[in-house]
Amino acid sequence: WGGDPAAAGPIVEFVAKRYGGTSFTSGYILRSQVSVQYFLDCIRLRYDMFAAAPGVEKVSLQFSLILQSMLLSSLSNRRSISQGEHDVSACMSALTDSPLGTVGAHIVLNAIVGVLAWCEVLPA
C-alpha cells in the first residue's frame, strides 16, 4: 500500500487521527520512534512522483497533520532545543528539494502553517 495513495489513504488517515494535529504527547511518541528527516525522506521517495489528485491530496493532508504534531513536540521541548532546530532544518531541506506543487512541498508547507496557526502567528 505504500506506493498507492488511494490504498494508503485509510491507513494514513487512521494514524493521523491518533497521532496527528496539535497533540504534544502523540508527537512525542512519533518523534521518539522516527526522525522528521527520515519521515520526510520516505514521503518524498514514495509520493513526490504523483500528480495532484483527490487521493493524493487527502494523503498529503494527513501526512502534514502527523508532521505538525512531530514539529510541535520537538519545538516545545525545552530540554532539547537542538532537536527542534534539526527538525526545522529537515523541513527546510525537504522544501528546498521538492518543487512547489509536489506532495513533499505540500506536506511541509501545510505543517508549517499549522504550527504557525497553533502559535497564533497566523489565523486558524
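See the structure shown above.
So, a few notes on the structure that sits alongside this text. (Residues numbered from 1 in each chain as written. Predicted model: local features only at pLDDT ≥ 70, side-chain atom pairs only at ≥ 80, totals over all residues. Heavy atoms only, no water.)

What about unusual backbone geometry?
No. 1: Despite not being glycine, Glu120 has its phi angle at roughly 65°, a positive value.
No. 2: Positionally, Glu120 belongs in the segment after α6 (103-118).
No. 3: What makes Glu120 exposed here is its relative accessible area of 71%. (Helix = DSSP H or I, 4+ residues; strand = E, 2+ residues; numbered from the N terminus. Buried < 20%, exposed > 50% of the residue type's maximum accessible area, 1.4 Å probe, protein only.)

Re the packing of helix α5 (residues 81-97) against α6
Working note: a packed helix pair is described by the angle between its axes plus the distance between those axes.
No. 1: Packing of α5 against α6 leaves a shortest axis separation of 9 Å and a crossing angle of 140°. In terms of orientation, α5 and α6 fall into the oblique class. The two elements α5 and α6 meet at a crossing, and its hand is left-handed. Seen from α5, the contacting residues are Cys91, Met92, Ala94 and Leu95; seen from α6, they are Ala105, Val108, Leu109 and Ile112. (Axes fitted to C-alpha atoms, helices over the stretch in contact; angles between N-to-C directions. Parallel < 35°, antiparallel > 145°, perpendicular 65-115°, else oblique. Left-handed = near helix turned anticlockwise from the far one by under 90°. Contact = heavy atoms within 4.5 Å.)

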